[in-house]
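# Fold and contact review
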Amino acid sequence: MTEPVISLRGVRADLGSRPVLRGIDLTVHRGEVVALLGANGSGKSTAVRTVIGQVPIGSGEIELFGTPRRRFRDWARIGYVPQRTTAAGGVPATVTEVVSSGRLSRTRFGVFRKGDREAVRHALDLVGMADRAKDNVDALSGGQHQRVLIARALACEPELLIMDEPMAGVDLASQEVLAQTLKNQVAAGTTVLLVLHELGPLEPLIDRAVVLRDGCVQHDGPPPKAVGQHALPGHDHVHPHAPAGAEPMRTGLLS
Ligand SMILES: Nc1ncnc2c1ncn2[C@@H]1O[C@H](COP(=O)(O)OP(=O)(O)OP(=O)(O)O)[C@@H](O)[C@H]1O
């Protein structure tokens, strides 16, 4: 087994007065692709948000690349794709501007050099959006927005990719592009933690599934076969996101 890239031990977290994570153990080793599954409200998003420091933990320990999270500073090693939101995004920006924001952590004092601009172009190529580089993100479909968010995460050439429901509300063509992009990343050695509500087209890539139920780990092992997570006991997921083909969603791209 390779060394742990993400390690959560006994992690508890409350949101408001509600205990949302009730003692989670989760380890992702270098090179692994782990799917975090579970019903709506089981704590999947909260778990990944504790990993990247967006949700404080009440107790337990989190390590990133073997370093306690509170001392971890090397955020350029991690690409994060947040859960899509239907809330209005606000700031007008081009596709290149959004993807460039993902490269900032690799620059010195925010100054873009040739290599940085090339990395941004390459990230856009990877998700098949190079021809939309100058477009305003408001002009994109939901699936294209998601490709841009993934390009933003790839722009820093991360060793670890954390994605919260990357396929949610994404049209079939974009799903195929994203699955292929992810496959290439995994082949190149990137470690991946994905929140999913079903395995879908990513199923062949998944090494291990961790299923949450009411803030606890219910299963940690081989992914449920072929049928996806819907076959698991206790599954009652109603997906909250807009269907494919709906009006372009605003994703809060710059937040
Ligand atoms: N800011 C908040 N304040 C209070 N409760 C919250 C907050 N955010 C989330 N919750 C609650 O915490 C629980 C876990 O939410 P979380 O988003 O982690 O679940 P999830 O498994 O990712 O669900 P989904 O599949 O719907 O995205 C839910 O019951 C949710 O209502």
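Before reading on, note that the structure itself is shown above.
Quick caveat, the model's predicted, so the values are computed rather than measured.

Where helix H4 (residues 142-154) meets helix H5 (residues 172-187), the axes come as close as 9 Å, and the angle between the chain directions of the two elements is 15°. By the angle class used here, H4 and H5 are roughly parallel. In terms of crossing hand, the pair formed by H4 and H5 is left-handed. Counted together, Gly-143, Gln-144, Gln-146, Arg-147 and Ile-150 of H4 and Ala-173, Ser-174, Val-177, Leu-178 and Thr-181 of H5 form the full contact between these two elements. For the contact of H4 with H5, a count of residues per class yields four nonpolar, five polar and one charged.

Note: strand E1 (residues 4-15) against strand E2 (residues 18-29), nine bridges, orientation antiparallel. Within the sheet, the bridge partner assigned to Arg-12 lies in E2 and is Arg-22. Remark: two residues form the turn of the hairpin made by E1 and E2, two consecutive strands paired antiparallel; Gly-16 in that turn has positive phi of roughly 60°.

Moving on to the site of the ligand. In the vicinity of the ligand there are 14 residues, among which Leu-15, Gly-41, Lys-44, Ser-45 and Thr-46 approach most closely. When residues of the shell around the ligand are traced back to their parent elements, those giving at least two are E2 and helix H1 (44-51). Here the element with the most residues in the shell around the ligand is H1; it accounts for three residues.

Criteria and thresholds
Residues numbered from 1 in each chain as written. Predicted model: local features only at pLDDT ≥ 70, side-chain atom pairs only at ≥ 80, totals over all residues. Axes fitted to C-alpha atoms, helices over the stretch in contact; angles between N-to-C directions. Helix = DSSP H or I, 4+ residues; strand = E, 2+ residues; numbered from the N terminus. Parallel < 35°, antiparallel > 145°, perpendicular 65-115°, else oblique. Left-handed = near helix turned anticlockwise from the far one by under 90°. Contact = placed C-beta atoms within 7 Å. Nonpolar A, V, L, I, M, F, W, Y, C, P; charged D, E, K, R; others polar. Pairing = 2+ DSSP bridges. Near = placed C-beta within 6 Å.

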